[in-house]
Amino acid sequence: MSLRARIVVRRESFRLGVTLGVDAGQVVALLGPNGAGKSTVLAALAGLLRPDEGRIVLDDVVLVDTERGVHLPPQRRQVGMVVQDYLLFPHMSALENVAFGLRARGTPREAAHVEAMAWLDRMGADALSRRRPRELSGGQAQRIALARALVVRPRLLLLDEPLAALDAGTRPVVRADLRRHLKAFDGCTVVVTHDPLEALVLGDRIVVLEHGTIVQEGPPGELARHPRTDYVARLVGLNLLRGEAHGQVATVGADAAVALAHEAAGPVHVAFPPSAVTLSLHRPHGSARNTWPGRVADVEQHGDLVRITVDGPVPLLADVTPLAVAELALAPGSEVWSAVKATEVAVYPA
Amino acid sequence: MSPATAARPADARVPVGLLVPSLVGLALMLLPLAGLAARAPWTRLPDILGSEDVLTSLRLSLATSTVTTVLCVACGVPLAWLLARTTLPGRAILRGLITVPLVLPPVIGGVALLVAFGRTGLVGEWLYETFGLSLPFTTAGVVVAQSFVAMPFLVVAVEGALRTTDRRFEDVAATLGASGWTTFRRVTLPSVAPGVLAGAVLCWARALGEFGATITFAGSFPGTTQTLPLAAYGAINRGDAETAIGLSLVMVAVSIAILVTLRKRWVSGR
């Protein structure tokens, strides 16, 4: 039981082309910036948008096959959807919302309500059954929306930014809750998000989409350690450089080199965290083997630390303490030296 | 009232160039109503309004406008849905045509109806020869004339409501397995219910006040086609000012009642 999808959508200034596989019980997080085409993928999977080209197969049922002119409407796909603002029907109670799918499929009212109540119970939302959507908090509305999608026993569950509408305070709780419910779901799940933490927590596998194309996919750990694009590197908070490795040195850019702890060869990605960078006003003579000159481009507060953007032959981000900023008198335009230990640098084939 | 206007001093001077024309305009609109109230035979009003002729036209007016409203809702809501939700070719033109009766002189509408549904008309001849059905100068004809002028009010109101609702609710309903009809009935319709209600009230009011198309297409026969406005016109024509004023007062009362009903939606400007 699984989902196999190839989706091509062409618009005037945009082309989306993705190949996606999700196994039963697996949660795939589709991560990407706004406008990358994430929601378009969901709409195509749900049947709300007809791809220009492609084939979507869910549990041996062909949902879409453009070559053979197959395109099942949403009603005939076993797909459940939960969107960012949940879209609970405002004129129905929570219970009626959950029962809607069953009623639409011909289940008699009584039986539908009994079944819907059981799902509310499962979601820990039985006390909310008589409430109207406007009387629900964001977290409660999300549980109702999830119950509404799951009650018709879909084989594919689609979540579009399911936590984006929540305030920062409740998000961690609801996220943990959602993760538990997704673990219990035995079908395929695709979660669309632009929040890397959400993708890392919810996804068994992360697929990164940029400009309509998949740029990287893999388990969360792999992605966090070895980003392959600037976007992913920024998301997971790593500096990413591309270069050519020869033994224990990688050349990056025109005239900069990075010393490596291990030997490597060929095109490589070089990554290190901003916290591994130390800044000084003069060329350092310490144990750090990588030192590059540069100029401060930006200074901003980043949690307890200060994040410095350094331009130069090796552009990078450095996290330093506020004390260091004061001592070095760092401001945009300051000339600085950046230093990184070779042991802090991760190298992997490009 | 917005905070900005509330903060202004209440005694701000109004320029004479604005004050005078607005008072003239106001007088033009309010004096006729004041005249009706001043000349109304208040003491004899119960007798006038209780007379068999007046009651007959009142009953006919209420019955035909109500049937017209039901007909307009039954056909107008699906039509509005078609205009708002489908990619029908020529939709823009269709939308324009539907609003024609809003600006067309109703008498011209009546002429058009005669040409179409008259006994020798485009459709009328076929209707008469096939079913023996003749619409002109019948109560059914009154309903047709009223529907012609009142339908646009309903379609425009409902289409506007449909356009402002979030279509993603309908998408969600579809993913939950609801057919197009179920989605319309259980999701779309409840969300535009206030728009349908407002449209129906306007439609009813317009039907109640209909004169030109009705008198042209259906004539003015007491008991079958003489509605309230036609009766008022007939009364004034034969010099019976008292009855005309009495009937007018009924119409004014109904109009004000409708405005009060719809106040929250339009008159308050929100």
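Residues numbered from 1 in each chain as written. Chains lettered and ligands numbered in written order. Predicted model: local features only at pLDDT ≥ 70, side-chain atom pairs only at ≥ 80, totals over all residues.

### A look at the overall build of chain B
A count of helical and extended segments in chain B gives 14 helices and zero strands. For chain B, the sequential pattern of α-helices and β-strands runs α-α-α-α-α-α-α-α-α-α-α-α-α-α. If you take every contact in chain B between residues at least 6 apart in sequence, the share linking residues at least 24 apart comes to 74%. (Helix = DSSP H or I, 4+ residues; strand = E, 2+ residues; numbered from the N terminus. Contact = placed C-beta atoms within 7 Å.)

### Focus: the overall build of chain A
Helix and strand content of chain A: nine helices and 19 strands. Oriented by its inertia axes, the alpha-carbon framework of chain A measures out at about 80 × 45 × 35 Å. The 350 residues of chain A split such that 43% are buried. A separation of at least 24 residues holds for 63% of the contacts in chain A among residues at least 6 apart in sequence. (Buried ≥ 20, exposed ≤ 12 C-beta atoms within 10 Å, placed from the backbone.)

### Quick notes on the domain arrangement of chain A
Residues and elements named next belong to chain A. Assigned domains of chain A: these are domain 1 (2-235) and domain 2 (237-349). Using C-alpha coordinates to define each centre, domain 1 is positioned 39 Å away from domain 2. Facing the six residues of domain 1 at the interface are seven residues of domain 2. Tallied by class, the residues present in the side of domain 1 that touches domain 2 amount to two nonpolar, one polar and three charged. (Domains from an automatic or database assignment. Nonpolar A, V, L, I, M, F, W, Y, C, P; charged D, E, K, R; others polar.)

### Focus: the sheet that holds strand E18 (residues 335-340) of chain A
Residues and elements named next belong to chain A. Spatial ordering of the open sheet is given by E14-E18-E15-E16-E17, a layout of five strands whose pairing is antiparallel. Unpaired on one side and paired on the other, strand E14 (278-280) and strand E17 (316-320) mark the two borders of the sheet. Across the sheet, the axes of successive neighbouring strands diverge by a mean angle of 45°, strand direction being ignored. Note: strand E16 (residues 305-311) against E17, five bridges, orientation antiparallel. Note on E17: the bridge partner recorded for Val306 is Val320. (Pairing = 2+ DSSP bridges. Axes fitted to C-alpha atoms, helices over the stretch in contact; angles between N-to-C directions.)

### A word on the interface of chain A and chain B
Interfaces are frequently sized by the accessible area removed from exposure as the parts join. Each side of the interface is counted separately: chain A has 17 residues, and chain B has 13 residues. Secondary structure elements with two or more residues in the side of chain A that touches chain B: strand E7 (79-82) and helix H2 (94-104) of chain A. Taken together, the residues of the side of chain A that touches chain B break down into 11 nonpolar, four polar and two charged.

### Observations concerning the sheet that holds strand E13 (residues 256-272) of chain A
Strands in a sheet are paired, the pairing made by backbone hydrogen bonds, and the direction either parallel or antiparallel. Residues and elements named next belong to chain A. Across the sheet, three strands lie side by side as E12-E13-E19; this open sheet has antiparallel pairing. Where the open sheet ends on each side, the last strands, each with one partner, are strand E12 (239-252) and strand E19 (346-349). When the angles between neighbouring strand axes are averaged without regard to direction, this sheet yields 45°. In terms of strand pairing, E12 meets E13 through 13 bridges, oriented antiparallel. Each bridged residue has a counterpart across the sheet, and for Val252 the counterpart in E13 is Ala256.

### Observations concerning the packing of helix H2 (residues 16-39) of chain B against helix H14 (residues 241-262) of chain B
All names here are of chain B. One can describe the packing of H2 onto H14 by two numbers: an axis separation of 10 Å at closest approach and a directional angle of 125°. Judged on the interaxial angle alone, H14 and H2 are oblique. Where H2 crosses over H14, the handedness of that crossing is left-handed. Contact residues: Leu33, Leu36 and Arg39 in H2; Ile245, Ser248, Leu249 and Val252 in H14. Its residues assigned to classes, the contact of H2 with H14 shows five nonpolar, one polar and one charged. (Parallel < 35°, antiparallel > 145°, perpendicular 65-115°, else oblique. Left-handed = near helix turned anticlockwise from the far one by under 90°.)

### Here we look at H2 of chain B
Spanning 24 residues, H2 of chain B covers 33 Å between terminal C-alpha atoms, matching the ideal 34 Å at 1.5 Å per step. Most pronounced at Leu30 of chain B, the bend in H2 of chain B amounts to some 35°, and the proline Pro32 of chain B follows within four residues. (Expected span 1.5 Å × (residues − 1). Bend = angle between axes of the 7 residues up to and from the residue.)

### Section: the packing of helix H9 (residues 139-164) of chain B against helix H11 (residues 180-209) of chain B
Residue and element names in this part refer to chain B. Taken N-terminus to C-terminus, the directions of H9 and H11 make an angle of 160°; their axes are 8 Å apart at the nearest point. By the criterion of interaxial angle, the relationship of H9 to H11 is roughly antiparallel. Where H9 crosses over H11, the two elements pack in a sense that is right-handed. Where H9 approaches H11, its residues Gln146, Val149, Ala150, Phe153, Leu154, Ala157, Val158, Gly160, Ala161 and Leu162 are matched on the opposing element by Val192, Gly195, Val196, Ala198, Gly199, Ala200, Leu202, Cys203, Arg206 and Ala207. In terms of residue class, the contact of H9 with H11 is built from 15 nonpolar, four polar and one charged.

### Remarks on the environment of Thr214 of chain B
Residues and elements named next belong to chain B. Summarising the element assignment, Thr214 is placed in helix H12 (residues 212-217). Thr214 sits in the buried class, given 30 other C-beta atoms within 10 Å. Sequence spacing of Thr214 and Gly141 is 73 residues, and the spatial spacing of their C-alpha atoms is 7.7 Å.

### Digging into the nonpolar core
Of all hydrophobic cores here, the largest spans 113 residues; its most connected members are Leu30, Leu45, Val98, Leu120, Ile144, Ala147 and Leu158 of chain A. Residue assignment places this core across two domains, with domain 1 (2-235) and domain 2 (237-349) of chain A each supplying three or more. In contact with Val98 of chain A, not counting residues within four places along its chain, are Ala116, Trp119, Leu120, Ile144, Ala147, Arg148 and Val151 of chain A. Ala150, Val158, Val201 and Leu208 of chain B belong to the second-largest nonpolar core, a separate cluster that totals 39 residues. (Core = buried A, V, L, I, M, F, W, Y, C linked by C-beta atoms within 7 Å.)

### Concerning the confidence of the model for chain B
Residue and element names in this part refer to chain B. On average, residues of chain B score 89 in pLDDT, and 93% of them reach the 70 mark or higher. Averaged pLDDT values for the elements of chain B fall to 50 in helix H1 (residues 3-7) and rise to 96 in H12. Ignoring residues within four places in sequence, the model shows residues 1-5, a span with pLDDT below 50, making one contact including any to other chains. Our summary of model confidence lists the complex with pTM equal to 0.78 and ipTM equal to 0.78. (pLDDT = per-residue confidence, 0-100.)

### With respect to unusual backbone geometry
Residues and elements named next belong to chain A. Even without being glycine, Tyr86 reaches a positive phi, approximately 65°. Of note, Tyr86 is situated in the loop between E7 and H2. Judged by the 21 C-beta atoms lying within 10 Å of it, Tyr86 falls in the buried class. One non-glycine residue, Ala329, adopts positive backbone phi at about 55°. Looking at the secondary structure, you find Ala329 in the loop between helix H9 (322-328) and E18.

### What about the environment of Asp59 of chain A?
Residues and elements named next belong to chain A. Position of Asp59 relative to the elements: it lies in the loop between strand E4 (53-58) and strand E5 (61-65). You can call Asp59 partly exposed: it has 14 C-beta atoms within 10 Å. A sequence separation of 212 residues divides Asp59 from Ala271, and the C-alpha atoms of the two residues are 39 Å apart.

### Structural notes on the environment of Glu222 of chain A
Relative to the helices and strands, Glu222 of chain A is located in helix H7 (residues 220-225). Expressed as a C-alpha distance, the spacing of Glu222 of chain A and Ala118 of chain A, which sit 104 residues apart in the sequence, is 39 Å.

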